[in-house]
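Chain by chain, the residues run as shown.
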Amino acid sequence: MTTLSPLHEVHSKLGASFTDFAGWSMPLRYGSELAEHKAVREAAGLFDLSHMGEIELTGPEAARALDYALVGKLSAVKVGRARYSMICDADGGVLDDLVVYRIGEDHYMVVANASNAAVVFTELKARAEGFTVEVTDRSTACALIAVQGPNAADIIGAVCDADLTALPYYGSTPTRIGGHDVLLARTGYTGEDGFEVYAEAPHAADVWETLSSAGEGHGLLPSGLACRDTLRLEAGMPLYGNELTAGMTPFDAGLGRVVKFDKAADFVGRAALERRRDAGEQVEQVLVGLVGEGRRAARHGYPVKNGDEQVGTVTSGALSPTLGHPIAMAYVPPSMTEPGTRLTVDIRGKAMPVSVVNLPFYKRA
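Residues numbered from 1 in each chain as written. Predicted model: local features only at pLDDT ≥ 70, side-chain atom pairs only at ≥ 80, totals over all residues. Heavy atoms only, no water.

Participant: Please clarify how empty space enclosed by the protein should be interpreted in this entry.
Facilitator: Unoccupied space between atoms shows up once a probe the size of one water molecule is rolled over them. For the structure shown, the criterion picks out one cavity of 30 Å³ or more. In terms of lining, the largest cavity is formed by Leu290, Val291, Gly292, Ala298, Pro326, Ile327, Ala328, Met352 and Val354. Contributing elements (two or more residues each) for the lining of the largest cavity: strand S15 (286–292), strand S18 (326–332) and strand S20 (350–357). A breakdown of the residues in the lining of the largest cavity according to their chemical character gives eight nonpolar, one polar and no charged. (1 Å grid on protein atoms, 1.4 Å probe; cavity = no way out; pocket = protein on both sides within 12 Å on 5 of 7 lines; lining within 4 Å. Points joined across faces, edges and corners; volume = space filled by probe spheres on them. Helix = DSSP H or I, 4+ residues; strand = E, 2+ residues; numbered from the N terminus. Nonpolar A, V, L, I, M, F, W, Y, C, P; charged D, E, K, R; others polar.)

Right, dumping it as structure tokens:
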């Protein structure tokens, strides 16, 4: 059964092309995905991300429960701030990467990827047993709308009374937009400054229309999942199922920094992650950026070669709309991670020359 976003009718009226994403019917694009990508880099894009999972933890031991359930130290997050974290299995494998908001002293919201929302809820529920905390899945009750791009602050500032100059990156604050209570967060997945607005599902259309109207004159375009993927790739941001899977640890993806071993309490996967940390360079694969020549883009699953030998695999790839050349992320041996290393990607039997580069490919001024 396909789940519809609370904004489905709005998208239909805008002429969106839809795609099935983790059981949700979501807008892939409204017109030109290149125009939508460009709008986010140069002006602003308006996204419906209501397919993401929202799971709330409330109670006096919410912080302790999350410290045990996740690899991060969520008890150290201040009210009104958020943190990027991961939930791992006992072997250290990544079940999902998450953003966790501390809304109140005893109130957290965990935002999971749509494809993993059910797994994350089930795991959090099980791991919270024994703690004084209530775990609630609000995924279908909550809508998520994002405004991303250089003009995002002007658009958001025109429709709410929140002090945006005091709202840091990965900060959040309650406010009102379109006459409705929302949680406003300075977070995103595009590499640009931007905001994410969490609203009750019945209020989503009002919030969307308010933001859309405020964006007139600021170059705001409704933007779909297609350009969101190229934007996050340019910014070197991992996508679960591509750069992150249950078969790898945070260290494999170069994200070992999110694992906090200084927590007093034990956490799921700790022993396995300590072993992986201590393995150091004795690892088989490391995530790198690749820049190609010409116009042919490497895609997920394409072989990376050193001469005739396959040495790695592309996890994500596209022709970068901003940079004008092919870019990709791939796992390769540690000996081949030095920037400037020359390799090839097998694109349907033809070897495309690529060079290893540091991530991200794009960083805003």
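Participant: Help me understand the UniProt feature "domain: Aminomethyltransferase C-terminal" (unreviewed entry) in the protein chain in this model?
Facilitator: Within this structure's numbering, the places UniProt gives as "domain: Aminomethyltransferase C-terminal" (unreviewed entry) are residues 287–363. Structurally, residues 287–363 is divided into 0% helix and 55% strand, and its ends, taken at the C-alpha atoms, are 18 Å apart. (UniProt positions renumbered as here; feature names shortened; annotations may be inferred.)

Participant: Looking at this structure, how should I read the pattern of salt bridges?
Facilitator: Two side chains carrying opposite charge are able to pair once their charged atoms lie near each other. Tallied over the entire structure, the rule returns 17 salt bridges. Between Arg64 and Glu61 there is a salt bridge; the shortest N-O distance is 2.5 Å. Overall, Glu61 belongs to the buried group, its relative accessible area being 18%. Across the salt bridge formed by Arg232 and Glu243, the nearest N and O atoms sit 3.0 Å from each other. Remark: Glu243 occurs in the loop between helix H7 (225–234) and helix H8 (270–279) and Arg232 occurs in helix H7; sequence separation between them is eleven residues. For the pair Arg232 and Glu243, a shared accessibility class is recorded, and that class is buried. (Salt bridge = Lys/Arg side-chain N within 4 Å of Asp/Glu carboxyl O. Buried < 20%, exposed > 50% of the residue type's maximum accessible area, 1.4 Å probe, protein only.)

Participant: Before we go on, may I ask you to explain the environment of Gly219 in this structure?
Facilitator: Here Gly219 is to be found in the loop between helix H6 (204–214) and strand S14 (220–222). The partly exposed category is assigned to Gly219, whose relative accessible area is 40%. In this structure the C-alpha to C-alpha distance between Gly219 and Ala39, which are 180 residues apart in sequence, comes to 6.8 Å.

Participant: Please clarify how the UniProt feature "domain: GCVT N-terminal" (unreviewed entry) in the protein chain should be interpreted in this entry.
Facilitator: Sequence positions flagged by UniProt for "domain: GCVT N-terminal" (unreviewed entry) are, in local numbering, residues 7–263. In residues 7–263, the share of helix is 24% and the share of strand is 31%. The end C-alpha atoms are 41 Å apart.

Participant: Looking at this model, I keep getting lost on the nonpolar core. Mind explaining?
Facilitator: A general tendency of soluble globular proteins is for nonpolar side chains to be buried together. Grouped together as the largest cluster of nonpolar side chains are 29 residues, with contacts concentrated most on Val147, Ile156, Ile177, Leu184, Val207 and Leu211. Mapped onto this core, the elements with two or more residues apiece are strand S4 (44–48), strand S10 (142–148), helix H5 (152–157), strand S12 (180–185), strand S13 (194–200) and H6. If one sorts the elements of this core by residue count, H6 sits on top with five residues. For Leu184, the residues in contact, after removing those within four places along its chain, are Ile156, Cys160, Ala162, Leu164, Leu167, Gly171, Ser172, Thr173, Thr175, Phe195, Glu196 and Val197. (Core = buried A, V, L, I, M, F, W, Y, C linked by side-chain atoms within 4.5 Å. Contact = heavy atoms within 4.5 Å.)

Participant: Which parts of the structure should I look at to understand unusual backbone geometry?
Facilitator: Glycine aside, the phi torsion of most residues is negative, and most peptide linkages are trans. Residue Pro360 is reached from Leu359 by a cis peptide bond, and omega for that bond is 0°. By secondary structure assignment, the location of Pro360 is in the segment after S20. At Ala22, a residue that is not glycine, the phi angle is positive and equals roughly 55°. Even without a glycine there, the phi angle at Arg348 is positive, about 55°. Within the secondary structure layout, Arg348 lies in the loop between strand S19 (342–347) and S20. Judged by its relative accessible area of 73%, Arg348 falls in the exposed class.

Participant: Even after reading the chapter, I still don't get the side chain of Thr190, so can you show me in this structure?
Facilitator: Of note, Thr190 is situated in the loop between S12 and S13. From its side chain, Thr190 meets the backbone nitrogen of Glu192 in a polar contact 3.2 Å long. Setting aside residues up to four positions removed in sequence, Thr190 forms contacts with Val40, Arg41, Phe47, Gln148, Leu231, Ala235 and Met237. (Polar contact = N/O pair within 3.5 Å; in protein donor to acceptor, adjacent residues only side chain to side chain.)

Participant: How should the sheet that holds S12 be read in this particular structure?
Facilitator: In a beta sheet, neighbouring strands are held together by backbone hydrogen bonds and run either parallel or antiparallel to one another. One open sheet holds the six strands; their spatial order is S11-S12-S13-S10-S4-S14, and the pairing between them is mixed. Looking at strand neighbours, the two that pair on one side only are strand S11 (172–177) and S14, the edges of this open sheet. Averaged over all pairs of adjacent strands, the angle between strand axes in this sheet comes to 25°, irrespective of strand direction. Examined bridge by bridge, S4 and S14 share three bridges and lie parallel to one another. Counterpart to Ala44 in the pairing with S14 is Leu220. The sheet contacts of H6 involve S4, S10, S11, S12, S13 and S14, and relative to S10 the element is tilted by about 10°. (Pairing = 2+ DSSP bridges. Axes fitted to C-alpha atoms, helices over the stretch in contact; angles between N-to-C directions.)

Participant: Even after reading the chapter, I still don't get the packing of helix H2 (residues 33–42) against H7, so can you show me in this structure?
Facilitator: In the contact formed by H2 and H7, the axes pass within 8 Å of each other and the chain directions differ by 50°. Judged by the inter-axis angle, H2 sits oblique to H7. Of the two possible hands of crossing, H2 and H7 adopt the one that is right-handed. Contact residues: Glu33, Glu36, His37, Val40 and Arg41 in H2; Ala226, Cys227, Thr230, Leu231 and Glu234 in H7. Each residue belonging to the contact of H2 with H7 can be placed in one class, and the counts come to four nonpolar, two polar and four charged. (Parallel < 35°, antiparallel > 145°, perpendicular 65-115°, else oblique. Left-handed = near helix turned anticlockwise from the far one by under 90°.)

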